[in-house]
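What the coordinates show
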Amino acid sequence: MPVYSIRGVDVDFPYDAYDCQITYMDRVLQSLQQGNNALLESPTGTGKTLCLLCSTLAWRRTFGEFLRGGGGGGGGGSQPSASQQSGPSGTQSSRYPVIIYASRTHSQLRQVIKELKATSYRPKMAVLGSREQMCIHDEVSKLRGKAQNNGCHYLCKKRLCCHNNIVTEYMRNNSELGSEPFDIEDLVNIGRTKGPCPYYISRELSKSVDILFAPYNYLIDPGNRRSLTGIPWDNAVLIFDEAHNLESICADAASFDLLPHNLTSCIAEAQECIQLCSFKRSIENSADKQFDPENYAILKALLMALEKKVSELVIESKELGYTKPGSYIHEFLSELNITSETSKKLIETIDSASLLLEEGNSGETKAGVKAKATVSRLETIRDMLDIIFRGGRQDHAKYYRFHVNESRQASGDSLQLFGKATRTLSWWCFNPGLAMEEFLKLGVRSIILTSGTLSPLDSLAMELNLEFPVRLENPHVISPDQIWVGVVPVGPSGHSLNSSYRTRETIKYKQELGLVIVNFARIVPDGLLVFFPSYSMMDKCIDFWKNRNHEHSVDENTIWQRMCKHKQPVIEPRQSSNFPDAIEDYAAKLRDSSTSGAIFFAVSEGLDFADRAGRAVIVTGMPFSTPTDPKVRLKRDYLDKQATPSNKNPKGLTGEEWYVQQAARAVNQAVGRVIRHRHDYGAIIYCDERFVWPNYQSQMSYWLKPYIKCYSKYGEVVQTLTKFFRDKVSLDSSKPKEMDCDDSIVPLADKYSPQDILSYSAATAANEHRGTTVPLNVTTRRSNYMKFAQITPANRATLSSIKQGCSSSSQLASSRDQLSQDSQVDMTMHGHLTEHSLKSLRLKKRAKIAGISNDAVGLHDVSSKLQHNVDLPRYQGERSTPLSKRSTIDEACETNEVIGERSRGQPTTGPAFLKQAREKLGTAEYGEFVELMKALKSKSMHMKDSLEAIAKLFSSPGRLPLLEGFRVFVSKNHLPLYEQLVRKYTVANTN
């Protein structure tokens, strides 16, 4: 297993790291060592999670071995120190930093823990989850939400839960629990087989850990955060993975919407508490204040007064609603005698009410009053008071807006009359940085935000109101020939594609978009994803396509039927509960060999389709929020006021900038799902002319920008996209097996001997360079990572040690003779094989190109009646004139001739190159060259180090033909680096 020394920290990494992975780990360590916050963007499929785990745990281990467990990467089963054994749990964790790793969902955390198992690190860990996921009590596990929490609290308080009662003993007898990676399912299995409560096991484990995995809400929600006892916040590192929506999550957590039916339910629950208290007092003759019906009568009266006051507000415009500055909430509530002081009493009353209602549910009162089995709505009032009176403070109100919106009841409700006007009271937070400020007050060491789509970083930093000195926008690990990115501003008819509200309802736009998708459904193999800005637009387009065809088409089928002719459709359901069925349907249609794949029409950008499930994604437009939505409108207004010069914030984000960036980030999230690992490939197709605009392209993810090409003619799109997939499909059989994200960073097959490398490299390089255009700025981007060429695996031989191993002249002569003999036999054989394989490949490819002319020409879906400037052949219906086989073959030959011209006069096979190398290199130098080639095969040296050493070996004036000729054997991934070295030494020799 490679060990990389980065910033003085030895990082165990399961695989040979790519440049962008080393760069990523470098930024992580920079953040941790300097105690700075970091924004780190790295595309999906670059091994981001693995890099994050390995670098943070390597840094943590520099302070000492992991708690009560094996020190990963060679520490092996260390025993806890005396202070760890004797002190309480808090003192154990306070000695060393604690890593808190948060992600949005438990499924994401499950994947992170799976990645942890692939490393050599074994920190003491814990994972937090909800009672809904962990409770194994026969009755409480059937409840949901606050009702479940209250039921659990009640049973634990009364010592009636057999699972909670044995947690302490189980933990005492299993002190090594947490030393090996585990997931929530593992804890549940322990609970079901051994008896202890999984939920409280996780809480106990969290008191003393090296790394804690938790959902976002455990960090962002103040109440949940306070429940994490034993964590030294001033010695903690917070990691927010998948943080592209973090600012909206923070803002939503600090806001509330008091819906009318919730308020009505709260009043009903307060009345229920009055009845329960009266009955309890009459039976038990108790004077307990908790069962004083007067408290609940006051609570009910306040809630009824609140409902009345909201209904009496004068709303002049139903579109705009009733809006006031955030501080108005205190004036509004003070008229009801709800202040910072009285709110404390109200919160206590609501807490008592929740327990009282739970007792009523348990049937202990034996009362004739039937308690509800639903979630306690009074908890929403408690949460509302917590947000408003935030620890007795009022200064945060300036970041809020008070809003009341009136709407008609859209559906039946047991507590509302159908069609009755209802009002919702909202208090919206427009400063997501409030949640981040809490972490600054706690004094955390570092906050790291990472995702595949954080761009633009400046706006995100401004939104969160934090300084992020460490930033990174990483390139991808894929090669340029694995991705096709194009902006398609016009369709086959020459009509512009623009999904803005001005044009998206027009017949011409829907027709043109439909024909574009028909054509791409024919070109793209296997799975095709089509993203729409909204469900409404998706439904309207699909309805149109099902009933209409293009006005100039002679085909009798509808646009929808023509799509289905090539791919079976699946439409994302609006109801999230039906989504798994849609995914299963899509997978089944992909497996159906009778069609050429499936097409998934979607709105949600978080879909995850790897390999053949998502070979291309079509973006039909920008998913802008509804501009008239009150929350969106007020947010834009808030940002515009914050950005005015009077606020001394000249760099502040304006409302319009925020509005565009939110849509752009959603697009980036959608297109980032196409490439899922190192060996994946796919196309990203922007079908909206607005993506040509610089201000739109500036919002795209950094890794995509080098590959974006804007096409003025639709014919060019069809031609280049067809060639892209034709080349990829024809080479699929020779590519490594498709892997999941874990396997994406596994190096290419190591089945070649040192003597095979030149021949193998020549074949690979020839295949990679044929018909491939490398963006001009790829070389520039690669040069940014040149400084990491000196970071070699700490547990591997360096060039100096190789030289020392060949110091004896007799050894050199002997080794040279043996290597010469081996090379002559093996490399000649493989050289002939390579030449034969390349010829066969060219013949097969020519035959395939000639043979697929019917498919190729069927790509252009334009009526012969259309007259426009799009460079496409004319046809009737789905047919057209076949392409010239001769011209196609000539084009392929010309491509090969270009490659041959580039290397003319240089040896292009292994034996020829070795012969020339033996002639121009001395005995010692030739032996060194062979050792370097062995290092390339075994990966005992970093690729950059090897290429630099080889280039330097060939750098003298008489050896420049070797320097030039060796490029034929360099894979395209590393060709920009080698080209830079060639220029460097060529210039040096001409000066």
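Note that the coordinates shown come from a computational prediction; the quantities given were computed from them, not determined experimentally. (Residues numbered from 1 in each chain as written. Predicted model: local features only at pLDDT ≥ 70, side-chain atom pairs only at ≥ 80, totals over all residues. Heavy atoms only, no water.)

**Comments concerning the overall build of the chain**
The helix and strand tally for the chain stands at 40 helices and 20 strands. Out of the 991 residues in the chain, the part that is buried amounts to 55%. For the chain, the share of sequence-separated contacts (at least 6 apart) that also reach a separation of at least 24 residues comes to 77%. Working note: accessible area of the chain is about 42,400 Å², and carbon and sulfur atoms make up 50% of it. (Helix = DSSP H or I, 4+ residues; strand = E, 2+ residues; numbered from the N terminus. Buried < 20%, exposed > 50% of the residue type's maximum accessible area, 1.4 Å probe, protein only. Contact = heavy atoms within 4.5 Å. Areas by Shrake-Rupley, 256 points an atom, 1.4 Å probe, with all protein chains shown as cover.)

**A few points about the packing of helix H22 (residues 507-523) against helix H24 (residues 559-566)**
Where H22 contacts H24, the axes come no closer than 8 Å and their chain directions differ by 15°. Put simply, H22 runs roughly parallel to H24. Along this stretch, H22 crosses H24, giving a crossing that reads as left-handed. Residues Gln511, Gly514, Leu515, Ile517, Val518, Ala521 and Arg522 of H22 touch H24, and the partners they reach there are Ile559, Arg562, Met563 and His566. The residue inventory of the contact of H22 with H24, partitioned by class, reads six nonpolar, three polar and two charged. (Axes fitted to C-alpha atoms, helices over the stretch in contact; angles between N-to-C directions. Parallel < 35°, antiparallel > 145°, perpendicular 65-115°, else oblique. Left-handed = near helix turned anticlockwise from the far one by under 90°. Nonpolar A, V, L, I, M, F, W, Y, C, P; charged D, E, K, R; others polar.)

**Here we look at the pattern of salt bridges**
Throughout the structure, instances matching the rule amount to 36 salt bridges. Here arginine 225 makes a salt bridge to glutamate 438, at a shortest N to O gap of 3.8 Å. Of this pair, arginine 225 sits in helix H13 (residues 222-226) while glutamate 438 sits in helix H20 (residues 433-442), and the two are 213 residues apart along the sequence. Assessed through its relative accessible area of 8%, arginine 225 is described here as buried. Residue glutamate 312 is joined to lysine 308 by a salt bridge in which the shortest nitrogen-to-oxygen separation is 2.4 Å. Taken together, the residues glutamate 312 and lysine 308, both in helix H16 (residues 293-312) and four residues apart, mark about one turn of the helix. Each of Arg225, Arg390, Glu438 and Lys441 takes part in a single network of salt bridges with overlapping partners. (Salt bridge = Lys/Arg side-chain N within 4 Å of Asp/Glu carboxyl O.)

**Things to note about the packing of aromatic side chains**
Enumeration over the complete set of coordinates arrives at 38 aromatic pairs. Note on tryptophan 59 and phenylalanine 63: the rings are 5.1 Å apart at their centroids and 80° apart in plane angle, and the pair reads as edge-to-face. Among the residues examined, tryptophan 59 registers a relative accessible area of 3% and is labelled buried. With a centroid separation of 6.4 Å and 50° between ring planes, the pair formed by tryptophan 545 and phenylalanine 601 is classed as tilted. One end of the pair, tryptophan 545, is in helix H23 (residues 535-547); the other, phenylalanine 601, is in strand S17 (residues 597-602), with 56 residues separating them in the sequence. For phenylalanine 601, a relative accessible area of 0% puts it in the buried group. Cation over ring: lysine 546 sits above tryptophan 560, and NZ or CZ is 5.2 Å from the ring centre. (Phe/Tyr/Trp six-rings, centres within 6.5 Å; stacked < 30°, edge-to-face > 60°. Lys NZ or Arg CZ within 6 Å of the ring centre and 35° of its normal.)

**Describing unusual backbone geometry**
The amide bond that connects serine 455 to the next residue, proline 456, takes the cis arrangement and shows omega of -5°. Position of proline 456 relative to the elements: it lies in the loop between strand S12 (446-451) and helix H21 (457-464). Not every positive phi belongs to a glycine, and aspartate 526 is a case in point at roughly 60°.

**A few points about the packing of helix H26 (residues 630-642) against helix H27 (residues 655-671)**
Interhelical geometry of H26 versus H27 gives an angle of 130° and a closest axis separation of 7 Å. With respect to H27, the axis of H26 lies oblique. For the pair formed by H26 and H27, the contact residues are Val632, Lys635, Arg636, Leu639 and Asp640 on the first element and Gly655, Glu656, Trp658 and Tyr659 on the second.

**Digging into the sheet that holds strand S15 (residues 526-531)**
Ordered in space as S16-S17-S15-S18-S19-S14-S20, the seven strands form an open sheet in which the pairing is parallel. Every interior strand has two partners, whereas the edge strands, strand S16 (568-571) and strand S20 (708-710), have only one. Within this sheet the neighbouring strands show an average axis-to-axis angle of 20°, counted without direction. Bridge analysis of S15 against strand S18 (residues 616-619) gives four bridges, and the strand direction is parallel. Across the sheet, the residue bridging to leucine 529 is valine 617, located in S18. Here H22 sits on the sheet in contact with S15, S17, S18 and strand S19 (682-686), set at roughly 155° to S15. (Pairing = 2+ DSSP bridges.)

**Points about the nonpolar core**
With 98 residues, the main nonpolar core has Tyr101, Ile201, Phe213, Phe240, Leu246 and Leu449 as its most contacted residues. Looking at this core element by element, the count peaks at eight residues for helix H2 (residues 48-61). With 58 residues, the next largest nonpolar core counts Leu306, Ile329, Phe332 and Leu434 among its residues. (Core = buried A, V, L, I, M, F, W, Y, C linked by side-chain atoms within 4.5 Å.)

**A short note on the environment of glutamine 34**
In this structure, glutamine 34 sits in helix H1 (residues 19-34). Take glutamine 34: its relative accessible area is 45%, and that puts it in the partly exposed class. Considering only alpha carbons, one finds glutamine 34 and serine 446, 412 residues apart in sequence, at a separation of 8.6 Å. Of the polar contacts made by the side chain of glutamine 34, one reaches the side chain of asparagine 36; its length is 3.0 Å. (Polar contact = N/O pair within 3.5 Å; in protein donor to acceptor, adjacent residues only side chain to side chain.)

**Focus on the confidence of the model for the chain**
The predicted model of the chain has a mean per-residue pLDDT of 76, with 73% of residues at 70 or higher. Between residues 69-93, whose pLDDT stays under 50, and residues either more than four places distant or in other chains, the model counts 48 contacts. Segment residues 411-417 is flagged for pLDDT under 50; beyond a separation of four residues in sequence, or across chains, it makes 12 contacts in the model. (pLDDT = per-residue confidence, 0-100.)

**Quick notes on the sheet that holds strand S13 (residues 470-473)**
The strand order across the open sheet formed by seven strands is S5-S6-S4-S7-S12-S3-S13, and the pairing between neighbours is parallel. Bordering the open sheet on either side are strand S5 (125-127) and S13, each of which pairs with just one other strand. For this sheet the average axis-to-axis angle between neighbouring strands, irrespective of direction, equals 15°. Against the sheet, H2 makes contact with strand S4 (98-103), strand S6 (211-215), strand S7 (236-240) and S12, and its axis sits at roughly 165° relative to S4, the strand it touches most.

**Brief notes about H20**
Counting buried residues along H20, seven of its 10 residues qualify, which places the element largely inside the surrounding structure. Taken residue by residue, H20 has Gly433, Leu434, Ala435, Met436, Glu437, Glu438 and Phe439 as its buried positions. Just beyond H20, the residue with positive phi is glycine 443, at close to 80°.

**Topic: H22**
Compared with the 24 Å implied by 1.5 Å per residue over 17 residues, the 25 Å span of H22 between its first and last C-alpha is a close match. Counting buried positions along H22 gives 15 out of 17 residues, so the element sits mostly inside the fold. (Expected span 1.5 Å × (residues − 1).)

**Considering the side chain of serine 451**
Examined against the element boundaries, serine 451 turns out to sit in strand S12. In this structure the side chain of serine 451 is engaged in a polar contact, spanning 3.3 Å, whose partner is the backbone nitrogen of threonine 453. In this structure, serine 451 is in contact with Leu40, Glu41, Ser42, Lys48, Glu242, Ala243 and His244, ignoring residues within four places of it in sequence.

**Observations concerning the pairing of strand S1 (residues 3-6)**
Where S1 meets strand S2 (residues 9-12), four bridges bridge the pair, whose relative direction is antiparallel. In the strand pairing of S2, serine 5 is matched with aspartate 10. In textbook terms, the turn of a hairpin is the stretch between consecutive antiparallel strands, and for S1 and S2 this stretch comprises two residues, one of which, arginine 7, has a positive phi near 55°.

**Re the environment of isoleucine 6**
One can find isoleucine 6 in strand S1. Using a relative accessible area of 0% as the deciding quantity, one classes isoleucine 6 as buried. Here the alpha-carbon distance between isoleucine 6 and threonine 23, two residues 17 residues apart in the chain, equals 9.4 Å.

**Digging into the environment of arginine 393**
Counting through the fold element by element, arginine 393 comes out in the loop between helix H19 (378-388) and strand S10 (400-408). As for arginine 393 and serine 340, which are separated by 53 residues in sequence, their C-alpha atoms are 8.1 Å apart. Ignoring anything within four residues of it in the chain, the contact list for arginine 393 reads Ile388, Glu438 and Lys441.

**Looking at the state of the cysteines**
Scanning the entire structure with this criterion turns up zero disulfides. Free of any disulfide, cysteine 135 has its nearest neighbouring cysteine sulfur in cysteine 152, separated by 6.3 Å. (Disulfide = S-S within 2.5 Å.)

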